Amino acid sequence: MLEYVVSKFNFWTYVILVGIGLYAMIGKKNLVKKLIGMNIMQSAVILFYVSIGAKKGGATVPIFMGDAHAAHGHGIHEIIDVASYVNPLPHVLMLTAIVVSIATTGVALAALILIFRRYKTLNEDEILKIRREAGV
Amino acid sequence: MKAIALIAVLMTGGLLIYSIEGLPDWGDPDSPASTHVSPEYIQDALEKTATPNIVTAVLADYRGYDTMGETAVIFTAGIGCVLILRKKRKGKGD
């Protein structure tokens, strides 16, 4: 049982992170804390994808070092050992995901500033109370 | 509200833990993600794009249009922030 958990420990970590983020998004009243929960959840997904690309046994970052440029075009195909470089595709996709998460976080923070200017609070219940009293 | 959140988290966590069984071990070189198309990218990237960094080759060469659309996402987010945060002219709105 312990061996099973240790062999896939990365996925257990991400389950915990998704749990923390989801609880913050649903259970917390403060809108900034909800946003932080969303970011924790996004980090969990990004870490999950990056860990999918990991390879044991001496694999390094997917960058060709040394005379790679000199070898370019001279039958490099046989020289490259696939097992010595980690899978680069999850890294690329998560680069895109990080950009999208930055964009959503920025727009959400701008919206939070607008909400605070209008209601003078970031508490969800107080905002709903103010709106109910105003008859919206 | 806290109870609802806790129930939702526990149900989601149970589903995720149930799905761990079907995923490959950490660092497994023979996992499906590392054996399907990624070997071709690792072998062909330098020859086809002359870029030593495979991540850069895939991001800016193979998926160039995707990255171009990404700049549109960033631009839209910036425009959105400016429109939300700009000062309103006096006498308009509240």
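The structure presented is a predicted model; accordingly, all values stated were derived computationally and were not measured.

1. Digging into the overall build of chain B
Then, in step 1: Counting its regular elements, chain B contains five helices and zero strands.
Then, in step 2: Listed N to C, the secondary structure of chain B is α-α-α-α-α in terms of helices and strands.
Then, in step 3: Relative to the globule expectation of 12 Å for 94 residues, the C-alpha radius of gyration of chain B, 23 Å, shows a markedly less compact shape.
Then, in step 4: Over its C-alpha atoms, taken along the principal directions, chain B stretches across nearly 65 × 50 × 15 Å.
Then, in step 5: Relative to its 94 residues, chain B shows a buried fraction of 14%.

2. What about helix 6 (residues 124-133) of chain A?
Then, in step 1: Among the 10 residues in helix 6 of chain A, zero count as buried, and that is only a small part of the element.
Then, in step 2: Of the residues flanking the end of helix 6 of chain A, it is A:G135, one or two places downstream, whose phi is positive at about 75 degrees.

3. Things to note about the packing of helix 5 (residues 89-119) of chain A against helix 4 (residues 54-62) of chain B
Then, in step 1: Interaxial distance between helix 5 of chain A and helix 4 of chain B falls to 9 Å at its minimum, and their mutual angle equals 50 degrees. Considering the angle they form, helix 5 of chain A stands oblique to helix 4 of chain B. Helix-helix and strand crossings are classified by hand; for helix 5 of chain A and helix 4 of chain B the assignment is right-handed. For the pair helix 5 of chain A and helix 4 of chain B, the contacting residues are A:L89, A:H91, A:V92 and A:L95 in the first and B:V55, B:V58 and B:L59 in the second.
Then, in step 2: Of the residues assigned to the contact of helix 5 of chain A with helix 4 of chain B, the class counts are six nonpolar, one polar and no charged.

4. Notes on helix 5 (residues 64-85) of chain B
Then, in step 1: Helix length check: helix 5 of chain B, at 22 residues, gives a terminal C-alpha distance of 32 Å against a target of 32 Å (1.5 Å per residue), a fit within 8%.
Then, in step 2: Counting buried positions along helix 5 of chain B yields one of 22 residues, so the element is predominantly exposed.

5. Overview of the nonpolar core
Considering soluble globular proteins, one finds that nonpolar side chains tend to be buried as a cluster.
Then, in step 1: Among the nonpolar cores identified, the biggest contains 13 residues, and B:Y41, B:I42, B:A45, B:I54 and B:V58 are the most heavily contacted of them.
Then, in step 2: Every element with two or more residues in this core is listed here: helix 5 of chain A together with helix 3 (38-49) and helix 4 of chain B.
Then, in step 3: Ignoring any residue separated from it by four or fewer positions in sequence, one finds B:A45 in contact with B:T51, B:I54 and B:A57.

6. As for the interface of chain B and chain A
Put simply, an interface is often sized by how much accessible area is lost when its parts join up.
Then, in step 1: Opposite the 42 residues of chain B that make contact, chain A presents 49 residues.
Then, in step 2: Looking at the side of chain B that touches chain A, the elements that each hand over two or more residues are helix 1 (2-20), helix 2 (32-35), helix 3, helix 4 and helix 5 of chain B.
Then, in step 3: Among the elements that line the side of chain B that touches chain A, the one with the most residues is helix 1 of chain B, at 10 residues.
Then, in step 4: Here the residues of the side of chain B that touches chain A are counted per class, giving 28 nonpolar, eight polar and six charged.

7. Comments concerning the environment of A:E126
Then, in step 1: Its place among the elements puts A:E126 in helix 6.
Then, in step 2: Between the C-alpha atoms of A:E126 and A:I102, which are 24 residues apart in sequence, the distance is 28 Å.

Basis of the calculations
Residues numbered from 1 in each chain as written. Chains lettered and ligands numbered in written order. Predicted model: local features only at pLDDT ≥ 70, side-chain atom pairs only at ≥ 80, totals over all residues. Helix = DSSP H or I, 4+ residues; strand = E, 2+ residues; numbered from the N terminus. Rg over C-alpha atoms; globule rule 2.2 N^0.38 Å. Buried ≥ 20, exposed ≤ 12 C-beta atoms within 10 Å, placed from the backbone. Axes fitted to C-alpha atoms, helices over the stretch in contact; angles between N-to-C directions. Parallel < 35°, antiparallel > 145°, perpendicular 65-115°, else oblique. Left-handed = near helix turned anticlockwise from the far one by under 90°. Contact = placed C-beta atoms within 7 Å. Nonpolar A, V, L, I, M, F, W, Y, C, P; charged D, E, K, R; others polar. Expected span 1.5 Å × (residues − 1). Core = buried A, V, L, I, M, F, W, Y, C linked by C-beta atoms within 7 Å.

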